Amino acid sequence: MRRSLLTIPAVSIGSSVAFNAYADSGVPALSDYQPMFFEDSQWQFILAATDRLIPRDEHGPGALEAHVPVFIDKELAGSYGRADDWYMEGPFHVDADEALGYQLPHTPADIYRLGIRATNDYCRQRFDRDFTALSRDDQETVLRALEKGTPDFARLGVQDLPSKTFFSFLLQNTKEGFLADPIYGGNRHMVGWKLLGFTGARASFREWVDQYDRDYPLGPVSLSGERG
């Protein structure tokens with residue numbers, strides 16, 4: 001997972017260090033956030049799933065510390081969730097080549113609602129409990145199954161949504177929430193940028209771009225002016 005984060009282009013995102021006093025202000029705790037899109041059970045699913053995808057470890061904070069669930073919730077509550085700027089007219093060909101673009105009749109908001117429901121149904125069939133009630137090891141087993149497309153969502157009552165597609169949206173949005181500018185709700189205190197040594201929205205650091213053997217001495221800066 002840590003290696004896969006590096007596949008996000010620098011233009012789309014913006015070493016863990018202590019937060020300064022400025023960064024600690026104005027950002028509520030994750031437990032105080034009131035979801036705009038997710039219902040409570042769905043919110044608990046997102047908390048658990050993103051925590052397994054980017055867990056906190058010896059390298060630094062994970063998805064929960066970065067407020068990745070907040071980022072996903074805000075994205076789905078807005079134009080992205082509604083697919084406002086996507087072409088959503090049929091016909092749809094689910095098995096078409098990826099080069100032909102998005103080929104499902106579901107908006108991102110629909111994908112999450114349907115995907116969470118079907119994943120919980122799959123968990124109840126296999127483990128006799130919902131995803132959030134599983135052990136961490138079993139949660140990871142389920143996520144790996146989704147990544148491979150093993151659960152047949154059609155047999156669980158969800159048509160035209162491969163389980164692999166739901167996982168790909170969840171993983172991509174989790175990575176985006178970990179690395180996007182904090183103005184969008186995730187990457188709280190720029191923890192993702194600090195982990196990678198990314199400078200954020202600093203005006204100029206040209207003198208450092210070719211100094212590969214030295215750590216950049218200044219922390220990142222967000223679009224809002226927050227400094228790490």
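Residues numbered from 1 in each chain as written. Predicted model: local features only at pLDDT ≥ 70, side-chain atom pairs only at ≥ 80, totals over all residues. Heavy atoms only, no water.

1. Topic: the nonpolar core
Formed by 48 residues in total, the largest nonpolar core has its most connected members in Phe38, Tyr112, Phe131, Val142, Phe153, Phe166 and Phe178. Sort the elements by how many residues they give to this core and helix 4 (residues 108–127) lands first, with 8 residues. (Core = buried A, V, L, I, M, F, W, Y, C linked by side-chain atoms within 4.5 Å. Buried < 20%, exposed > 50% of the residue type's maximum accessible area, 1.4 Å probe, protein only. Helix = DSSP H or I, 4+ residues; strand = E, 2+ residues; numbered from the N terminus.)

2. A look at the packing of helix 1 (residues 40–53) against helix 5 (residues 136–148)
The geometry of helix 1 relative to helix 5 is characterised by a closest axis approach of 10 Å and an angle of 85° between their N-to-C directions. Considering the angle they form, helix 1 stands roughly perpendicular to helix 5. Facing helix 1, whose interface residues are Ala48, Ala49, Asp51, Arg52 and Leu53, helix 5 presents Arg136, Gln139, Glu140 and Leu143. Looking at side-chain class alone, the contact of helix 1 with helix 5 contains 4 nonpolar, 1 polar and 4 charged residues. (Axes fitted to C-alpha atoms, helices over the stretch in contact; angles between N-to-C directions. Parallel < 35°, antiparallel > 145°, perpendicular 65-115°, else oblique. Contact = heavy atoms within 4.5 Å. Nonpolar A, V, L, I, M, F, W, Y, C, P; charged D, E, K, R; others polar.)

3. As for helix 4
The end-to-end C-alpha distance of helix 4 is 27 Å, a good match for the 28 Å that 20 residues give at a rise of 1.5 Å each. Every buried residue belonging to helix 4 is among Pro108, Ala109, Ile111, Tyr112, Gly115, Ile116, Ala118, Thr119, Asn120, Tyr122, Cys123 and Phe127, and all of these are buried. On the buried face of helix 4, the contacting elements are helix 1, helix 2 (68–77), helix 3 (79–82), helix 5 and helix 6 (163–179). Following helix 4 by one or two positions, Asp128 adopts a phi angle in the positive range, close to 65°. (Expected span 1.5 Å × (residues − 1).)

4. Brief notes about the packing of aromatic side chains
Aromatic rings in a pair are described by how distant their centres are and how their planes are angled relative to each other. This model, assessed by the stated rule, comprises 12 aromatic pairs. Relative to Phe38, the ring of Phe37 lies with its centre 5.0 Å away and its plane at 75°, an arrangement referred to as edge-to-face. An identical accessibility class is assigned to Phe37 and Phe38; each is buried. Look at Phe38 and Tyr112: their rings are 6.1 Å apart centre to centre, the planes differ by 65°, and that puts the pair in the edge-to-face class. Of this pair, Phe38 sits in the segment before helix 1 while Tyr112 sits in helix 4; the two residues are 74 residues apart in sequence, bridging distant segments of the chain. Accessibility assignment for this pair places Phe38 and Tyr112 in one class, buried. (Phe/Tyr/Trp six-rings, centres within 6.5 Å; stacked < 30°, edge-to-face > 60°.)

5. Regarding unusual backbone geometry
The omega torsion of the bond from Gly90 to Pro91 falls at 0°, within 30 degrees of zero and hence cis. Following the sequence through the fold, Pro91 ends up in the loop between helix 3 and helix 4. Positive phi outside glycine occurs at His67, with the angle close to 60°. With respect to the secondary-structure elements, His67 resides in the loop between helix 1 and helix 2. The class for His67 is buried, based on a relative accessible area of 6%. In this model, Asn187 sits at a positive phi of 50°, which is unusual for a non-glycine residue. Position of Asn187 among the secondary structure elements: in the loop between helix 6 and helix 7 (191–196).

6. Comments concerning the pattern of salt bridges
Tallied over the entire structure, the rule returns 9 salt bridges. Here Arg136 ties to Asp51 by a salt bridge, and the two come within 3.2 Å at their closest N and O atoms. With Arg136 in helix 5 and Asp51 in helix 1, this residue pair connects regions lying 85 residues apart in the sequence. Look at Asp51 and you get buried, because its relative accessible area is 11%. (Salt bridge = Lys/Arg side-chain N within 4 Å of Asp/Glu carboxyl O.)

Everything listed is a geometric property; what it means functionally is a separate question.
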